[in-house]
Amino acid sequence: MSERTAEEFLTLQEIVAAARANLAPGPWGYLIGAAETETTMRRNRLALDSIAFRPRVLRDVSAVDSKATFLGREVRLPVLVAPVGGMESFVPDGAAAAARGAAHFGIPMMLSSVCQPGLEATAAAADSLRVFQLYVRGDDAWVDDWGRRAREHGFRAFCFTVDTASYSRRERDLVGRFVKPWRQNAAAGAKYQAALSWDQVKRFKDRHDLPVILKGIATAEDAEIAVRHGIEVIYVSNHGGRQLDHGRGSAAILPEVLAAVGGRAEVWVDGGFMRGSDVVKAIALGARCVGLGRLACLGLAAAGVPGLVRALELLEEEVRICLALLGVTSFAELTPAHVAPAPPVVEPSALSAFPLLGEGLAPPA
Ligand SMILES: Cc1cc2nc3c(=O)[nH]c(=O)nc-3n(C[C@H](O)[C@H](O)[C@H](O)COP(=O)(O)O)c2cc1C
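None of the values given here were measured: they were computed from a predicted structure.

## Side note on the pattern of salt bridges
All told, the structure shown has 22 salt bridges when counted by the stated rule. In this structure, the salt-bridge partner of Arg-228 is Glu-224, at a minimum N-O distance of 3.7 Å. Of this pair, Arg-228 and Glu-224 both sit in helix α10 (residues 220–228), separated by 4 residues, roughly a single helical turn. On the basis of relative accessibility, which here comes to 60%, the residue Arg-228 falls in the exposed class. We note a salt bridge from Arg-288 to Glu-266, for which the minimum N-O separation is 3.6 Å. Placement of Arg-288 in the loop between α12 (276–285) and β11 (289–292) and of Glu-266 in strand β10 (residues 266–270) is noted, with a sequence separation of 22 residues between them. You can call Arg-288 partly exposed: its relative accessible area is 36%.

## Some words on the site of the ligand
In the vicinity of the ligand, 22 residues are found, and the nearest of them are Pro-83, Ser-112, Thr-161, Asp-270 and Gly-272. In this structure, a nitrogen atom belonging to the ligand sits 2.9 Å away from a side-chain N or O atom of Gln-133. Take Ser-237: an N or O atom from its side chain is 3.3 Å from an oxygen atom of the ligand. About the coverage of the ligand: the protein hides 98% of its 600 Å² of free accessible area. Residue classes in the shell around the ligand are distributed as 8 nonpolar, 10 polar and 4 charged.

## A short note on unusual backbone geometry
Looking along the chain, the bond that leaves Gln-116 and enters Pro-117 is cis, with omega of 5°. Within the secondary structure, Pro-117 sits in the loop between β5 (109–112) and α5 (119–125). You will see that Asp-60, though not glycine, has its phi angle at about 45°, which is positive. Following the sequence through the fold, Asp-60 ends up in the loop between β1 (51–53) and β2 (68–70). Phi at His-239 takes a positive value of approximately 65°, unusual for a residue other than glycine. Mapping His-239 onto the fold places it in the loop between β9 (233–236) and α11 (250–261). For His-239, a relative accessible area of 13% translates into the label buried.

## Some points on the packing of aromatic side chains
Summed over all chains, the structure comprises 11 aromatic pairs. A ring pair is formed by Tyr-30 and Phe-90, whose centres lie 5.7 Å apart and whose planes are at 15°; its orientation type is stacked. Of this pair, Tyr-30 sits in helix α2 (residues 25–32) while Phe-90 is found in the loop between β4 (79–81) and α4 (95–105), placing the two residues 60 residues apart along the sequence. Across the pair, Phe-90 and Tyr-30 agree in class, each one buried. Where Tyr-235 meets Trp-268, the ring centres are 5.9 Å apart and the plane angle is 65°; that geometry is what we call edge-to-face. Here Tyr-235 is found in strand β9, whereas its partner Trp-268 is found in strand β10, with 33 residues between them in sequence. Residue Tyr-235 is classed as buried on the basis of its relative accessible area, which comes to 0%. Taken together, the ring pairs in this structure connect Phe-132, Trp-142, Trp-146, Phe-155, Phe-158, Phe-160 and Phe-204 into an aromatic cluster. Arg-149 extends its terminal NZ or CZ atom over the ring of Trp-146, reaching a point 4.3 Å from the ring centre.

## So, the state of the cysteines
All told, the structure shown has 0 disulfides when counted by the stated rule. Among the cysteines around Cys-115, which has no disulfide bond, Cys-297 carries the closest sulfur, lying 8.1 Å off. By relative accessible area, which is 3% here, Cys-115 ends up buried. The closest cysteine sulfur to the non-disulfide-bonded Cys-322 is located on Cys-289, 17 Å from its own sulfur. Residue class for Cys-322 comes out buried when judged on its relative accessible area of 10%.

## Thoughts on the pairing of strand β8 (residues 212–217)
The two faces of a sheet get side chains in turn, since along a regular strand they alternate between them. Burial runs high along β8: 6 of the 6 residues are buried. Judged from the 4 bridges that link them, strand β7 (residues 155–161) and β8 form a sheet pairing that is parallel. In the sheet register, Cys-159 faces β8, and the bridge partner there is Ile-213. For the handedness criterion, the β-α-β arrangement of β8, α10 and β9 is classed as right-handed.

The rules behind these values
Residues numbered from 1 in each chain as written. Predicted model: local features only at pLDDT ≥ 70, side-chain atom pairs only at ≥ 80, totals over all residues. Heavy atoms only, no water. Salt bridge = Lys/Arg side-chain N within 4 Å of Asp/Glu carboxyl O. Helix = DSSP H or I, 4+ residues; strand = E, 2+ residues; numbered from the N terminus. Buried < 20%, exposed > 50% of the residue type's maximum accessible area, 1.4 Å probe, protein only. Near = heavy atom within 4 Å. Polar contact = N/O pair within 3.5 Å; in protein donor to acceptor, adjacent residues only side chain to side chain. Areas by Shrake-Rupley, 256 points an atom, 1.4 Å probe, with all protein chains shown as cover. Nonpolar A, V, L, I, M, F, W, Y, C, P; charged D, E, K, R; others polar. Phe/Tyr/Trp six-rings, centres within 6.5 Å; stacked < 30°, edge-to-face > 60°. Lys NZ or Arg CZ within 6 Å of the ring centre and 35° of its normal. Disulfide = S-S within 2.5 Å. Pairing = 2+ DSSP bridges. Right-handed = clockwise from strand over helix to strand, strands pointing away.

This is the structure in C-alpha cells:
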C-alpha cells in the first residue's frame, strides 16, 4: 500500500503512482486498459494534446472563480465522476466511496448500473448530486423500473450509454484472465442493449419525468437526431477508448457535435481528461461538463474517499492557474478564441499526461 496520506500528495502524478502501488495487476489493467490496439484511448490524449491555448493578458485575474452549474445547480468545477462499473475493484465501498468524495468536494457523480453497492445504497451513502446510467439488460418494464427507482432515490437525470451495443475485447483483461464479477453473467440480457434504438429512447422519455442523457455520441449526425428527440444532454464519449477501437479522440469530435447541437441541448464530454488544462480546453470549445473516468478511480485507488477529494483539489488548482493565465476570471469568460490547433509533443498513452512517471510506474519512495 502507498504510505502517503491523501493530504501529502502534491501532484496528480503522485496519486497515479500511489494507485499503481495499491492495485493488483488485474484491477490495474482493467482500469487503465482499452479495446484491442488501444488506439481510440491514445487518440483521446492526442486530441487534447493537439489543442494549444491563446492566452490574453493584463485583465485583472486577482479573483478567479472556477465554479460552474450542473443541470441548474452550482458545482465547484464543471466536472463529474463518470459512470464506472466495478468501482469496487479499486476501493472497497465502490460507488458509495465515489459518491462521498464527489459530495464532499462539491461535484456530481454518475452511477453505473453495474457498480456496487447499487442504486439505493449509493444514494444513501452521501447527499450527492447524482445522475444514473443504465446498461439495458431487460425489456421495457425492466427499464421502467430503473427509471422509477432512480427518480425515487434522488437521481436528477437518466443516462443511456449508447456506445456499447457489443462488449469489446479488452485485451489486458483477457491476457491477465481478469474476470470482472459483473461480467460473469454478461451474456444474460446483452441482447437488449444490442437492440436499443431511438424508438426506445423516445419511449422512455415520454414516460419518465427525468432529463435524458445519451452517453457515447460521436458524430454530428447522431447529435442532430438526439436533439430532434428532445434529449437534454448529449454526452460526447468513446467510453475512454474501451469500446470501438480506431475511433476519434473525444476532443476532436466535440466541435462538430457542438456545431450540430447549436445550443439546443447541453453537451458534455469525456475521454482522456487528466489535467486542469484539459478541462479548460473542453469548456473553451463549448462543452458544459467534463467526465472523469480513470482519474476519479485513480484517486479512489490511491487513498479512498480522501484520495478522490485530493485529486479533485489538485485538478481545481490546475484549473484556476490555467484560467488566470488565460486572462479570464471564470469559465463563463472562456471562448473558442482561447484555443487553437497545435502539434502534440508527447506520444499519447493512458498516462502520458503524467510525464514524470511513464508506464512503468515506480511506487512513491
Ligand atoms: C474501469 C472503467 C469502467 C467503466 N464502466 C462504465 C460503465 O459502467 N458505464 C459507462 O457508461 N461507462 C463506463 N466507463 C467509461 C467512463 O464512463 C468514461 O466514458 C471514460 O472512462 C472516460 O475516459 P477516461 O477514463 O479517460 O476519463 C468505464 C470506464 C472505466 C475506466
